[in-house]
Structures are given as structure tokens and as C-alpha cells.
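Each chain is listed here by its residues.
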Amino acid sequence: MEASRDFVYQKFCEYYRDPQTVIPLPPLPSQREFGYLMFKERFMVRHRRFETIRQLRSVLSDTIPSDVYHSIAYYENPDFDMDKKGWLGADLVFDIDADHLTTPCNKIHDEFTCTKCGFGGRGITPEICPCCEGTKFETKTWPCDVCIDTARQEAAKLLDMLEKDFGFSLDELRVFFSGHRGYHVHVESEAVHSLDAMARKEIVDYVTGLGLAVLEKAVKEKPGKSSARKFSLHNFGWNKRLKLGMQNFLLTASKEDLKAAGLKNPALLKNKEALINRCITEGRWESVSGVSGQTWLKLAEHVKDLESSKIDTVVTTDIHRLIRMNGTLHGKTGLMKMEFSAKDLQDFDPFARAVAFKKGTVKVLVSDIPEFRLGGETLGPYKNETKELPVAAAVLLICKGRAKVAN
Ligand SMILES: [Zn+2]
Ligand SMILES: [Zn+2]
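Criteria and thresholds
- Residues numbered from 1 in each chain as written.
- Chains lettered and ligands numbered in written order.
- Predicted model: local features only at pLDDT ≥ 70, side-chain atom pairs only at ≥ 80, totals over all residues.
- Heavy atoms only, no water.
- Axes fitted to C-alpha atoms, helices over the stretch in contact; angles between N-to-C directions.
- Helix = DSSP H or I, 4+ residues; strand = E, 2+ residues; numbered from the N terminus.
- Parallel < 35°, antiparallel > 145°, perpendicular 65-115°, else oblique.
- Contact = heavy atoms within 4.5 Å.
- Nonpolar A, V, L, I, M, F, W, Y, C, P; charged D, E, K, R; others polar.
- Polar contact = N/O pair within 3.5 Å; in protein donor to acceptor, adjacent residues only side chain to side chain.
- Donors = N, O, S within 2.8 Å, 3.2 Å for Na, K, Ca; no water.
- Tetrahedral: all angles 85-135°; square planar, octahedral: opposite > 155°, others 65-115°.
- Pairing = 2+ DSSP bridges.
- Expected span 1.5 Å × (residues − 1).
- Buried < 20%, exposed > 50% of the residue type's maximum accessible area, 1.4 Å probe, protein only.

*Asks:* Any chance you could explain the packing of helix α9 (residues 237-252) against helix α13 (residues 293-307) here in plain terms?
*Replies:* Interhelical geometry of α9 versus α13 gives an angle of 100 degrees and a closest axis separation of 9 Å. Considered as vectors, α9 and α13 are oriented roughly perpendicular to each other. Along its contact with α9, which presents Trp 238, Arg 241, Leu 242, Gly 245, Met 246, Phe 249 and Leu 250, the element α13 presents Trp 296, Leu 299, Ala 300, His 302, Val 303, Lys 304, Leu 306 and Glu 307. For the contact of α9 with α13, the residue count by class is 10 nonpolar, 2 polar and 3 charged.

*Asks:* Mind showing me how you'd approach the side chain of Asp 165 here?
*Replies:* Relative to the assigned elements, Asp 165 resides in the loop between α4 (145-164) and β10 (173-177). A distance of 2.7 Å separates the side chain of Asp 165 from the side chain of Tyr 206, its partner in a polar contact. Here Asp 165 is in contact with Asp 160, Tyr 206, Phe 236, Gly 237, Trp 238 and Arg 241, once residues within four sequence places are set aside.

*Asks:* What exactly am I supposed to notice about the coordination of the zinc ion (ligand 1) here?
*Replies:* Four donors placed tetrahedrally around a metal ideally meet at 109.5 degrees, and six donors placed octahedrally ideally meet at 90 or 180 degrees. Each protein donor to the zinc ion (ligand 1) is listed here as Cys 114 (SG), Cys 117 (SG), Cys 129 (SG) and Cys 132 (SG); together their distances run 2.3 to 2.4 Å. One can describe the site at the zinc ion (ligand 1) as tetrahedral: its 4 donor atoms subtend angles covering 102 to 113 degrees at the metal. Within one chain, the residues donating to the zinc ion (ligand 1) are spaced in sequence as C-x2-C-x11-C-x2-C. In this pair, Cys 114 is assigned in strand β7 (residues 111-114) and Cys 132 in the loop between β8 (120-122) and β9 (137-140), connecting sequence segments 18 residues apart.

*Asks:* Honestly, the sheet that holds β9 in this entry has me stumped. Any pointers?
*Replies:* Sheet strands pair via backbone hydrogen bonds, and the direction of the pair is either parallel or antiparallel. Strand order across the open sheet formed by 3 strands is β8-β7-β9, with antiparallel pairing between neighbours. The outermost strands of the open sheet, each flanked by one partner alone, are β8 and β9. Taking the axes of each pair of neighbouring strands and ignoring which way they run, one obtains an average angle of 15 degrees across the sheet.

*Asks:* Looking at this structure, how should I read α9?
*Replies:* The periodicity of an α-helix, 3.6 residues per turn, causes residues three or four places apart in sequence to face the same way. If you check α9, its first and last C-alpha atoms are 22 Å apart, about what 16 residues at 1.5 Å a residue would give, namely 22 Å. Taken as a whole, α9 has its buried residues at Gly 237, Trp 238, Asn 239, Arg 241, Leu 242, Lys 243, Gly 245, Met 246, Phe 249 and Leu 250.

Quick look at the structure:
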């Protein structure tokens, strides 16, 4: 193995062999499937069962994986083949990852290259290559503050829905920094265990605002004057979210915001107060001249996009999913997956708190990196420079393909 990977491997060894390292087990560990990716061999070991944290830790310190996972599902026989496991239920899990979010920065620091034909570009990695229809890409991403802030706002909307619309208490919602550039939310409550993939899809649709009945119904009944009368919003769930969202939008929107939303109607800005008081609050949607039912529908559609949470829908519907284990390292960053209280979402700083390697420095040759924060320090920008960096920063840069250990 080349020197840089070997350096990261040594650090992962130290982490998993340190008795001070905290690796909390998920609830009912003996009913979970565990899996891990071998650091050197790069293959995935699956279908492992551990009864105790001691067994697990001894395997981790012997094998030194780059990534560790456990099933969100509970099984009778977690170590059997998939079809013989005996599915007993599963946690409800949500994943929010800046990899799938449009951020103002992903055109700056994210790159992808199709491994088949070499087509490449900047921004979000496409699912299918537009040139050769290949589906495998080499990616170069970077977890920056803008990415993590974007993911955090999506997580905030999700938590708000889970609490207010679904009725979970904040204590039932376990929130984690993913170790890369996103968040995981786990609901481990008994009430969700037996939900099948279809039921989970319903929850996904709700959270993402897909097929919102109130909008679809109103659109179907167009055209004509009656459309707006059919557009009535009550004070719970998405109805309330649309009302508050439209109100906030009207209060804060600039001309440019309206344009971006495809709304060119100048009456929307001129008559803000009447629109909020008469239309949104009293439900008299066509009581302000110049603003038709169709305009309201368009605005509601736009607000739906703003208020929905951009979760990775595939993760939530997969009832056999493996999810990264709390307290283990992310192979792409060397940061820990780490739990924090749901009410601390806005204050929890992953780039300060989820740092696993707190001691020492190492000399690395950095190819190209924007300014970044880690472990309470601001570092960079660097371009083709040899630098003595804190170990955590060096591990992050090496894992991200942006640096090598200097000789
Ligand atoms: Zn291609
Ligand atoms: Zn970013």
C-alpha cells in the first residue's frame, strides 16, 4: 500500500485499538446484521452477528475496517443468508446527504468522471452518464460549511415534520452527523418497526411533498373561476406548512425571488398585506384583484419545494438497509459518525466535534484545496504546497484525494 493510505490505515488502527474510543451499540444488537468494508482488501464483509460490544470491538481492532455498518432491521438470525434471516422489523431511517443536494458550492468543489468513457464535469454526479449511459463514476467531493449548512436546513425541516405532523417526541428522534457531509435521523420507536416498504414510501412522499393532494386536486379542477375556491387550506400538516410558507415567502421575497419562482405578477409584492390577511388567513383566495387562483397554485407549488425535506428517498424505503454505525469512522473523511441531541441541530458543529484524531501533526503535499475548518482551526487554501498539518486535517485531505504524505 502506498505511504499515504498506509498512514491513514495506521490512524484507523490507533482509533479502533484505543480503549478510550466510544462505540455505542444500537438497540437490540444481537438481532442486527453487521457489515464492514476491509480497509486494505476493499471488500465488504456482511452477515456478521455480535452479541456484545466486546466481540465487536475485538473484530474491529483485528481487522481495521474503513467503514462499519449495521442493519436498520431486526432479524431472528442476522448471520444467515438474506432470505433466511427472518425479518422482525426495522427502524425508520432518514439520510440527508449534500451529495444529492444542489448547493451553491458543488459546482466549485465537486467533480465527477465516468469510469467507462471519461466524460466529466463539475457539480452533482449524474446517475447515468449522458455520453455512454454508464453508471460508475469517480468523484471528487469536499465537505464544506455551505454543504453542511444546506444539509442541516433539510434536517431541520425533517425533524419539524416528524415532531409536529407525525407526533414523535424529540427524544424518540436520534440525530447523527453522518461522518461526511450530511445527517442521519433514526426513529427506533416500537411504533415504526413493522412498517413495510410501501408504508415507508408513504412517509417519504409526505416528507418530500410528492403528490400533495391539495395541489393536485386544485390543478385537476382548472380552469375556470371555481379553481381557487377548491383550493382551501386548513391548519394542520402540509396545509399549514403551505400557508406559513406562502406568508413567509411574500414577506421576504424580492423581485428576483419571484422571477426565480416563475411568478411574474407584480401584484404579489404590491399587495402583500391584503394577500396575507384576506387570502392566506381568511381563505378568500381571489379577493385581491390581479392575483388569480392559478397564481396561488403556482406559488404553493414553489413553496412546497422550499418546505419539503430533500431526503435520500431510497434509504428510507429499504427495510434491509445497512447504515453506518455510530462512533465509527467514515472512510472518505476519517471523521466519526456522531450522535447529538435533536434540539442542538443548529449549534452542533461537526467539523469541530466529530474529529477523531486530536493529536500530532504530519507533513503532507497538498494538491488543491479551498479554505476549510477542522477541529477549531481554519486551514488553507493550499495549492501544490508542502504543509505540516494536524493529523485530522491530513487524514481528511488524503481520504479526499487532495494530499499525499510528504517524504
Ligand atoms: Zn460515460
Ligand atoms: Zn460545499
